[in-house]
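Chains, contacts and geometry: an overview
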Amino acid sequence: SKTAAEKAREGREFLPIHGYREELLKLIEENQVLVIVGETGSGKTTQIPQYLQEAGYTKRGKIGCTQPRRVAAMSVASRVAQEVGVKLGHEVGYSIRFEDCTSEKTVIKYMTDGMLLRELLIEPKLDSYSVIIIDEAHERTLSTDILFALVKDVAKVRPDLRLIISSATLEAKKFSEYFDSARIYLIPGRRYPVEKLFRKCPEPDYLETVIRTVVQIHQTEAIGDILVFLTGQEEIETVETNLKRRMMDLGTKGSEIIICPIYSNLPTPLQAKVFEPAPKGTRKVVLATNIAETSLTIDGVKYVIDPGYFKINSYNPRTGMESLLVTPISKASAAQRAGRSGRTGPGKCFRLYNIKDLEPTTIPEIQRANLASVVLTLKSLGIQDVFNFDFMDPPPENALLKALELLYALGALDEIGEITKVGERMVEFPVDPMLSKMIVGSEKYKCSKEIITIAAMLSVGNSVFYRPKNQQVFADKARMDFYEDTKNVGDHIALLRVYNSWKEENYSTQWCCEKFIQSKSMKRARDIRDQLLGLLNKIGVELTSNPNDLDAIKKAILAGFFPHSAKLQKNGSYRRVKEPQTVYVHPNSGLFGASPSKWLVYHELVLTTKEYMRHTTEMKPEWLIEIAPHYYKLKDIEDTRPKKTQR
Ligand code: ADP
Ligand code: MG
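Residues numbered from 1 in each chain as written. Chains lettered and ligands numbered in written order. Predicted model: local features only at pLDDT ≥ 70, side-chain atom pairs only at ≥ 80, totals over all residues. Heavy atoms only, no water.

Before going further, it helps to spend a moment on the layout of surface pockets. Of the pockets and cavities examined, the second largest pocket occupies roughly 1500 Å³. Every residue lining the second largest pocket is counted, 50 residues in all, and those nearest its centre are Arg79, Phe275, Thr297, Ile298 and Asp299. Listed by contribution, the elements that provide at least two residues to the lining of the second largest pocket are helix H1 (4–11), helix H3 (44–54), helix H4 (70–84) and helix H10 (268–273). With seven residues, H4 is the largest single contributor of residues to the lining of the second largest pocket. Its residues placed into classes, the lining of the second largest pocket shows 16 nonpolar, 21 polar and 13 charged. (1 Å grid on protein atoms, 1.4 Å probe; cavity = no way out; pocket = protein on both sides within 12 Å on 5 of 7 lines; lining within 4 Å. Points joined across faces, edges and corners; volume = space filled by probe spheres on them. Helix = DSSP H or I, 4+ residues; strand = E, 2+ residues; numbered from the N terminus. Nonpolar A, V, L, I, M, F, W, Y, C, P; charged D, E, K, R; others polar.)

Our focus in this paragraph is the environment of His630. By the element assignment, His630 lies in the loop between helix H23 (621–627) and helix H24 (634–638). The spatial distance from the C-alpha of His630 to the C-alpha of Val214 is 57 Å, given a sequence separation of 416 residues.

Below, the discussion takes up the environment of Phe389. Looking at the element boundaries, Phe389 is found in the loop between helix H13 (372–380) and helix H14 (397–409). Phe389 sits 243 residues away from Ile146 along the chain, and the two C-alpha atoms are 9.3 Å apart. Aside from chain neighbours lying at most four places away, what touches Phe389 is Ile146, Ala149, Leu150, Leu378 and Ile383. (Contact = heavy atoms within 4.5 Å.)

By rolling a water-sized probe across the atoms, one finds the places where empty space is left. Here the structure, examined in full by the defined rule, presents one cavity of 30 Å³ or more. Quantified by volume, the largest cavity comes out at close to 30 Å³. Contributing to the lining of the largest cavity are Leu227, Ala292, Leu296, Thr297, Ile298, Val301, Arg340 and Arg343.

Our focus in this paragraph is helix H5 (residues 113–122). Every buried residue of H5 is listed here: Asp113, Met115, Leu116, Leu117, Glu119 and Leu120. Its buried side turned inward, H5 meets strand E2 (62–67), strand E3 (92–96), strand E5 (108–112), strand E6 (129–134), helix H6 (142–157) and H13. (Buried < 20%, exposed > 50% of the residue type's maximum accessible area, 1.4 Å probe, protein only.)

What follows is about helix H18 (residues 472–480). Among all positions of H18, only Ala475, Ala478 and Arg479 are buried. The arc that holds every buried residue of H18, seen down its axis, measures 100°, which confines them to one face. Exposed residues pointing more than 90 degrees away from the buried face of H18 are listed as Val473, Phe474 and Lys477. Looking at the buried side of H18, the elements it contacts are helix H19 (491–504). (Arc of directions from axis to C-beta.)

Below, the structure is given as structure tokens:
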């Protein structure tokens, strides 16, 4: 029988793009910039780099292909490596933040758009590349939008470089105009009719409607897989659990359906499962974020269930507040999602919303995002006037202003907006400016080792502790051990303790199990920490350790996160020091329900039912003046300042 690699290779000929190979190669040769539009699943992402390699482009340099999402970069690279018949990381590889799976040999490189942006810092003319493909351009992520302008400039000084802008929807004209009337090439797709069915969603919890619809399809519709669009990991896990339970109740033993989740933090080995065909007699139910809208094509889907929501990153420049918001999708997205059911035959799409209520398109991220990181990158690239940067769609002016103000307060820019030495050091770290300032600032407080551990733990997200449903009491108890001794010390220090204890146990997986800690997250934290360590060495920061001086560690945290300070109010809630905004300690915080600290610094705000501070640590208000004298004045901290006698 055939190997998976053989099958994958043979499949190439059946993709819609196959018939257009020669024409495409000719157009790429003749046009420096080409805009390619094609139906999702037609083979753009997996095939074009291979065509280019086969045509000899890799003799002159690598082929780089950007993806807005890390899972897409990994998954597509792994597929292409299989098709080419090489080991992933050899000729075909990928690069995402904190994970470089490439080698000297790599000629086809998939990467997140953010990573290409970082490569430009080191290689401003992208000399090691012969072709750059900006893929999924229609997604209009912040990094992709910035890349548009930067690669457009590079192309001008590198006539040999080829630039391909590839997209799923018909924004082609806009892309073409931006790239000086670049040629547009449409790959005709195959598409089968999709019947759209409206499902009423009576209760506010649409997840129940989702589950009912899955069950109904399973019981009444012909064979074919189901794709459900959800907003994130939590929702996916809820639906997975409840759906399994429901199938059991129905007496199906749950074996007739195979549930495959796919979202960005899903561990790599589980990601592959989503592409495996369902065994005979079973039906696959894919629970996906909008990664499955255009980035990944999962074969065999015949039914789509679309509640009509996704999560977007939204930033309020007035308050400096950033949050992930569950938002209605656009008409364009609705059409894409429905289309996923009609790839190999007629499909059905169950919509839990009224299409008339949707906006035509989604606002590009650049117009609703925190721009601090991007502005610092641009400054480091020598772009002085960010207001007149060649944006495809310019961001609001006050968002740019707010970014400049923050970078100035952090010491990354000087009075005339030029990047400082501190700023240059901060740019080395592939993290947000506040976090990079915390790292760079740790030098002063002689605790760089502790701070990179905290930074690494914060970077793995909120997946360190877990609370199995039937053992929550034990999990919480185990967790509180890391908060003991110095009560109310805070989440940052607790994360540091978790890491150090794990290290003392020789990075034991068994220890993680006992302490209700996710060992996968810990391993990732260790990888990230190693990289941060390397970067600290690179910029010449001395490695220092000061494990018992908690004040020094807190001051270093505050050196980056001083804008995120909050003070206790009479009613038990908190108020941001510089903004008239009420915030709360997150229920997952070790400080939740503890005797409240008067002053807190927090890592981030998350908006669910309230504005919650995630990862909080207590601090002293006078540190704010000491650390950020330009930002805080005495009057900001005076009114509720503790009495002198406390010291
Ligand atoms: P496009 O970029 O035009 O949307 P792709 O090149 O991503 O299309 O997909 C082409 C085909 O490759 C699809 O049929 C898809 O199912 C398959 N494919 C892509 N990635 C994988 C993967 N990781 N595993 C299995 N099949 C894949
Ligand atoms: Mg693609």
